[in-house]
Amino acid sequence: MQAKQLSVFIENREGRLDEVLAVIKAANVNILSLSLADTSEYGLLRLIVSDPAAADAALKASGFSSMLTDVLVVRLMNKVGSLQAFLSDLAKTEINLEYMYGLTIEKEGKASLVIKASDLAKASEILLKAGAELLTAEDIAKL
Amino acid sequence: MIWSKNETLERSEIEKIQLERLQETVHRVYEKVPAYRKKMDDAGVKPEDIKTLADLAKLPFTTKEDLRDNYPFGLFAVPKKDLVRVHASSGTTGKPTVVGYTRKDLETWTECVTRIAVMGGATPEDMAQICFGYGMFTGALGLHYGLENLGATIVPSSTGNSEKQIMFMKDFETTLLVATPSYALRLAEVANEMGVDIKKDLKVRIALVGSELLTEAMREEMHKVWGENCLVTSNYGMSELMGPGVSGECEYLNGMHINEDFFIPEIIDSKTGEVLPAGSKGELVVTCIYKEALPLIRYRTKDVTRLMYEKCKCGRTTCRMENLDGRTDDMLKIRGVNVFPGQIEEVLLHTDGIGPHYEIVVTREGHSDKLEIRVELLKATDDYKELKSIESAIKAKLRVVLGLDAKISLVSPNTIQRFEGKAKRIRDLRNKEGV
Ligand SMILES: [Zn+2]
């Protein structure tokens, strides 16, 4: 039940983010979500895209350090406390949450969250048991 | 194979040749070069005072400034009509350094380079691709004549158009590559980009690299990309002395054998000018004892090395100079610490996750020098900690080697400039900021 995230290293230089986005666009790949964490010198760009493999290949061919990372994409119910309910189940375990960021908000008001955890298999098991809906690469491609 | 019997003489025989040739040269320059006559008169030394090789120390030095002051032909010992070729070095400041050759000088040069090529494993069967820039620079034509004299087939492809270089290399089955170490690495990158498998599709078995420092780390990097079985040797020379051909490494990679029947090496303290005892490290000074057009006396190379006189396993008896750490004028003084770029390169090439291309930037903030090193991140990652650990690994090693803190800037692959000739990896912006 895992999805693929694209991780790209970019040095902190004007226009670098633009270049990444242009390469992905030229590969005809749609960007669904993007998170840029950075320090003063460089950043890691994390993206959920419609075709991660194609975007990764295009970026590599353009000389970027990019890779595919396994993540979980959880679809949340439009209900107070639904995120907290899932996370508290995870918190009871040894699993370490490394980072999270939001994905698109859909028409019906459902929102999805990208989660990177130390043990993805276990995390997805727990989330599924708690009644979460996990999106696969195919689901994401259709968003 | 050893090309000349003069490479295996007993020490006493070498010294006999050296003394005869030195005395002849000193007499000749005193007669024919007014600038040398003046220098020697000022130093109170006459050609007759040179009775032993040790008397060489009585003669004044020649420096690059002397060549500039006498630009273009003032230090030449033959009339212009006797010259058959001139070359010039690319002076970074002011006038270039001009050097000239008589027909006999070209023969001598060819002989010297042939010996070096043979030391580096070249044979008449080799297909030798010369990826040095042709033109006023001595490197390309020097290697060209030397390898042609050996009987190798020359591919004078020069620099530039790297895709075509790789195509020739593949189609002609090039076995020997002549390039600067940095251009050799660049060519390997281009081959990979073209989908050429260097170890399967190419037949390069020898790399004669020069014109730029070959550190041991760079040699390892060369092996990584050109194959473990590729014999990578460095050779040494400079246009003022002749061009390439002064010395070169044999397959034992134990320093560079000097063509001592043509050049006398000395090691001096670069501050005091005193000749240092055998085995000491210091500035290399070279006297040309078999040149007609431009026989420089005690030329200060600014290169730092050590001389080794023990017989080499290859059978040659000629003195070897240790591979260079760097040139005194490439040395950076950062916060009072002497830094050779080679030391930084050594650290970078031994760090995982980054590529072999780098740039050193020195700036001044307030009254303090800042050292920044830019390297390409090769390893893709999704983990900040990994980026931090690469950074701190480089920092920690530099602190041990240099005793300095540096800022490490990781950049994307292929963003640091590539060079076809001598790489310019240092940007010292301190003076430009006018502090
Ligand atoms: Zn040897």
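These notes cover the structure that comes with them.

About the thresholds
Residues numbered from 1 in each chain as written. Chains lettered and ligands numbered in written order. Predicted model: local features only at pLDDT ≥ 70, side-chain atom pairs only at ≥ 80, totals over all residues. Heavy atoms only, no water. Axes fitted to C-alpha atoms, helices over the stretch in contact; angles between N-to-C directions. Helix = DSSP H or I, 4+ residues; strand = E, 2+ residues; numbered from the N terminus. Parallel < 35°, antiparallel > 145°, perpendicular 65-115°, else oblique. Contact = heavy atoms within 4.5 Å. Nonpolar A, V, L, I, M, F, W, Y, C, P; charged D, E, K, R; others polar. Buried area = accessible area lost by both parts, 1.4 Å probe. Salt bridge = Lys/Arg side-chain N within 4 Å of Asp/Glu carboxyl O. Pairing = 2+ DSSP bridges. Phe/Tyr/Trp six-rings, centres within 6.5 Å; stacked < 30°, edge-to-face > 60°. Buried < 20%, exposed > 50% of the residue type's maximum accessible area, 1.4 Å probe, protein only. Lys NZ or Arg CZ within 6 Å of the ring centre and 35° of its normal.

1. Overview of the packing of helix H6 (residues 162-171) of chain B against helix H7 (residues 181-193) of chain B
Residues and elements named next belong to chain B. Two elements in contact, H6 and H7, have axes separated by 9 Å at closest approach and are oriented at 80°. With respect to each other, H6 and H7 are oriented roughly perpendicular. Between H6 and H7, the residues in contact are Ser 162, Glu 163, Gln 165, Ile 166 and Met 169 and Tyr 183, Leu 187, Val 190 and Ala 191, respectively. The class makeup of the residues in the contact of H6 with H7 is 6 nonpolar, 2 polar and 1 charged.

2. A closer look at the interface of chain A and chain B
Each partner contributes to the interface: chain A provides 23 residues, whereas chain B provides 18 residues. In this assembly, chain A packs against chain B so that about 1,500 Å² is buried in total across both faces, 56% of it on carbon and sulfur atoms. Where chain A packs against chain B, one counts 1 salt bridge. One salt bridge in this structure joins B:Asp382 and A:Arg46, with 2.7 Å as the shortest N-O distance. Counting only elements with at least two residues in the side of chain A that touches chain B, the list comes to strand S1 (3-11), strand S2 (31-38), strand S3 (42-49) and strand S4 (66-76) of chain A. Here the element with the most residues in the side of chain A that touches chain B is S1(A); it accounts for 5 residues. Residue composition of the side of chain A that touches chain B, by class: 8 nonpolar, 8 polar and 7 charged.

3. Section: the sheet that holds strand S9 (residues 256-258) of chain B
Neighbouring strands of a sheet are bound in pairs by backbone hydrogen bonds; such pairs are parallel or else antiparallel. Residues and elements named next belong to chain B. Ordered in space as S4-S3-S5-S6-S7-S8-S9-S13-S12-S11-S10, the 11 strands form an open sheet in which the pairing is mixed. Lying at the two open borders of the sheet, with one neighbouring strand each, are strand S4 (153-155) and strand S10 (263-268). Where strand S12 (residues 299-308) meets strand S13 (residues 320-321), 2 bridges bridge the pair, whose relative direction is antiparallel. Counted as the bridge partner of Met 308 is Arg 320 from S13. Packing of helix H4 (residues 103-119) onto the sheet brings it into contact with strand S6 (206-209), strand S7 (231-238), strand S8 (243-249), S9 and S10, and relative to S8 it is tilted by some 30°.

4. Re the packing of aromatic side chains
A complete count under the given rule lists 7 aromatic pairs over all chains for this structure. Centre to centre, the rings of A:Phe9 and A:Tyr42 are 5.6 Å apart; their planes meet at 45°, and the pair counts as tilted. Separated by 33 residues along the polypeptide, A:Phe9 in strand S1 and A:Tyr42 in strand S3 bring together distant segments of the chain. Neither residue differs from the other here; A:Phe9 and A:Tyr42 are each classed as buried. Between B:Phe73 and B:Phe76 the ring centres are 5.2 Å apart and the planes differ by 55°, which places this aromatic pair in the tilted class. Lying over the aromatic face of B:Tyr30, B:Arg37 brings its terminal NZ or CZ to 4.6 Å of the ring centre. Positioned above the aromatic ring of B:Tyr290, the side-chain terminus of B:Lys104 is 4.4 Å from the ring centre.

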